[in-house]
Amino acid sequence: MATDIVAQLADCLAKTGVEEGELSYKGQGRKLDTAQSVEEIVKEIQDFQGLQALRLEGNTVGVEAAQAIAKALETKNEFKCCYWSDMFTGRLRSEIPPALNSLGDALLTAGARLTVLDLSDNAFGPDGVKAIEKLLKSSACHTLQELRLNNCGMGIGGGKILAASLIECHKKSSAEGAPLSLKLFIAGRNRLENDGATALAQAFQLMGSLEEVHMPQNGINHAGVTALATAMQHNADLRVLNLNDNTFTKKGAIAMAQALKHLRNIQVINFGDCLVRSEGAMAIAETVSDGLPILKELNLSFGEITEEAAVALARAVKGKAQLEKLDLNGMHTHICTEREREDNLSSEYTLKALFYFFFLVFDFLSSHCPLSQVSTPPSTPRPPDVSSFLSFPSPDKLLKLGAKRALLIEQHVDVADAMKTAEAFLKISSVYKEENEDVKNAVLDSIDAILKKAFAAPSFQGYSFVSSLLVLLGLIKSEDKVKPVLVVPGHLQALEHIVRQDYFPKESVAVLEAFMSR
């Protein structure tokens, strides 16, 4: 008996979901062509008292089936949420508008007051937008808070229709004393281009209520970006702005930087792959430095940003207490080789503050187990060499290299290779002992020797060295999947030492400070 009750409860939850008032057929892959094919769904809609949300995602609904479902919705006056993404897979484009018309008309008949309308991933084009135009202009959408139209192929024409509908909805709702206050707008991958984006910008500016805007991959250039920037200034509560993979260039980026000065509540900025270029990045860095107190994520990856702009951004985010991620993946350099241009630094900054490592306690093993004993008699031990020390570092091995250890290590390490230099630095500093003056001095003398030689070489890439350090410390993700080292106090003591030395570039200090000061 108890088993039957549990089974019935599980079946009920599968259909209704965990949200109160929600009926869900999400992801069931049903092919619903005729009225007969939806008889079960229709009955459950009719029997569901207080229905507020209907999930049809992941099914495919034909015209006749949509009309039958619509008829059942006509009496649901408490209805609020349409989760109808990806529900026309395999349908002719001509089938989608009449299906949407039927569903929209049913909501008007019911007197529904929508808060969520999700029609993403339906690829209905401008004709699909026309099919929901009446709904969007009606009182059913006066209360709309979330509009999700990702990957619908709206194009410029659809974007203009959508913008006009939102403006009309705002006008009518304002006349009734409760203006449309849309909070979430998603319309990525819609080929809106400049004209579509500019039209929507007018609606955004009029509403002034947006908290999240996602419009990636829309072919928007600086003219459209500038229009959006102007509109965003009027949305003071904006928290998330995602315009990934559009084309800002300098003009658009500077306009957006000016707009961001008005957005103190912004938490996530995604301008990745937007070609902001160095001038735009510098303008954004200035805005970040002067404001945006609760910024959590900043993505300017693949934007043709040079080292100078990257350093400016690192300095700008240094004091942001809530920052979690700075993405400068694909940063360009002025003086890198052609091969290095192809292998541009991957630098998704997962900001686990290096500073906090100073407060961690590690029981670091001062030495590693030596290799299995060979036939050499114990009375005549093989003298340690640099290769042995760097392979298995220990304080004892470092001291046994003798008074010329710094010179020997300097000669052994290929300082022309930034990664190898960074690896050597971390291996040497791993044996640092604050309480042992001999070991401490041996470590500092050795790292000074290799880094003086490295930074004195005209071809040495200082930024590549710092980046390699951060990769090895696990603070930057590398495309080459480099395994981070176990961070020990010696690494941090050595870092504190080298940043105070004359040979260490001040520009590189700024990058390290962005991590160590958190």
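Residues numbered from 1 in each chain as written. Predicted model: local features only at pLDDT ≥ 70, side-chain atom pairs only at ≥ 80, totals over all residues. Heavy atoms only, no water.

- For the protein, the name recorded in an unreviewed UniProt entry is Ran GTPase-activating protein 1, with Myripristis murdjan as its organism.
- UniProt's Subcellular location (unreviewed entry) comment on the protein is quoted here verbatim: "Nucleus".
- Note on the protein: under the UniProt heading Sequence similarities (unreviewed entry), the record states "Belongs to the RNA1 family." (UniProt positions renumbered as here; feature names shortened; annotations may be inferred.)

### Quick notes on the overall build of the protein
Then comes step 1: The secondary structure content of the protein amounts to 20 helices and 15 strands.
Then comes step 2: For the protein, the proportion of its 518 residues judged to be buried stands at 51%.
Then comes step 3: With the model as given, the accessible surface of the protein reaches about 24,000 Å², and the carbon-plus-sulfur share is 51%. (Helix = DSSP H or I, 4+ residues; strand = E, 2+ residues; numbered from the N terminus. Buried < 20%, exposed > 50% of the residue type's maximum accessible area, 1.4 Å probe, protein only. Areas by Shrake-Rupley, 256 points an atom, 1.4 Å probe, with all protein chains shown as cover.)

### Let's talk about unusual backbone geometry
Then comes step 1: Even without being glycine, D245 reaches a positive phi, approximately 60°.
Then comes step 2: According to the relative accessible area criterion, D245 is partly exposed, its value standing at 31%.
Then comes step 3: For R277, which is not glycine, the phi dihedral falls at a positive 60°.
Then comes step 4: Its place among the elements puts R277 in helix α10 (residues 277-290).

### Observations regarding the packing of helix α7 (residues 193-207) against helix α8 (residues 222-232)
Then comes step 1: Two elements in contact, α7 and α8, have axes separated by 8 Å at closest approach and are oriented at 5°. The pairing of α7 with α8 is recorded here as roughly parallel in orientation. The segment α7 lies against α8, with N194, A197, T198, A201, F204 and Q205 engaging A223, G224, A227, L228, T230, A231 and M232.
Then comes step 2: Here the residues of the contact of α7 with α8 are counted per class, giving eight nonpolar, five polar and no charged. (Axes fitted to C-alpha atoms, helices over the stretch in contact; angles between N-to-C directions. Parallel < 35°, antiparallel > 145°, perpendicular 65-115°, else oblique. Contact = heavy atoms within 4.5 Å. Nonpolar A, V, L, I, M, F, W, Y, C, P; charged D, E, K, R; others polar.)

### Considering the pattern of salt bridges
Then comes step 1: Summed over the entire model, instances satisfying the criterion amount to 18 salt bridges.
Then comes step 2: Note that K43 and D47 form a salt bridge whose closest N and O atoms lie 2.7 Å from each other. Here K43 and its partner D47 are both found in helix α2 (residues 39-47), four residues apart, which amounts to about one turn of the helix.
Then comes step 3: The salt bridge involving E57 is made with R55; its shortest N-O contact spans 2.5 Å. Each member of the pair, E57 as well as R55, is classed as buried.
Then comes step 4: In the salt-bridge network here, residues are joined through shared partners; they are K31, D33, R91 and E95. (Salt bridge = Lys/Arg side-chain N within 4 Å of Asp/Glu carboxyl O.)

### A short note on the nonpolar core
Then comes step 1: Core analysis: the largest hydrophobic core is formed by 110 residues, its most contacted members being W84 and F271.
Then comes step 2: For F271, the residues in contact, after removing those within four places along its chain, are L241, L243, F248, M256, L260, V276, I284, N299 and L300.
Then comes step 3: Membership of the second largest hydrophobic core comes to 48 residues, among which are V413, A442, F455 and Y503. (Core = buried A, V, L, I, M, F, W, Y, C linked by side-chain atoms within 4.5 Å.)

### Thoughts on helix α15 (residues 405-412)
Side chains three or four residues apart in an α-helix point the same way, a direct result of the helix having 3.6 residues per turn.
Then comes step 1: Among the residues of α15, R405, A406 and I409 are the ones counted as buried. Each buried residue of α15 lies within a common arc of 100° when the element is viewed along its axis, so the set occupies one face.
Then comes step 2: Packed against the buried residues of α15 are α13 (386-391), α14 (395-400), α16 (418-429) and α17 (437-456). (Arc of directions from axis to C-beta.)

### Some thoughts on the packing of α15 against α17
Then comes step 1: Here α15 crosses α17 at 40°, and the two axes come no closer than 8 Å. Judged on the interaxial angle alone, α17 and α15 are oblique. As α15 runs across α17, the sense of the crossing is right-handed. Contact residues: R405, A406, I409 and E410 in α15; A442, D445, S446, A449, I450 and K453 in α17. (Left-handed = near helix turned anticlockwise from the far one by under 90°.)

### Digging into the confidence of the model for the protein
Then comes step 1: Summary statistics for the protein give a mean pLDDT of 84 and a share of 84% for residues scoring 70 or more.
Then comes step 2: Predicted confidence is poor over residues 1-18, with pLDDT under 50, and the contacts of this stretch with residues over four places away or in other chains come to 11 contacts. (pLDDT = per-residue confidence, 0-100.)

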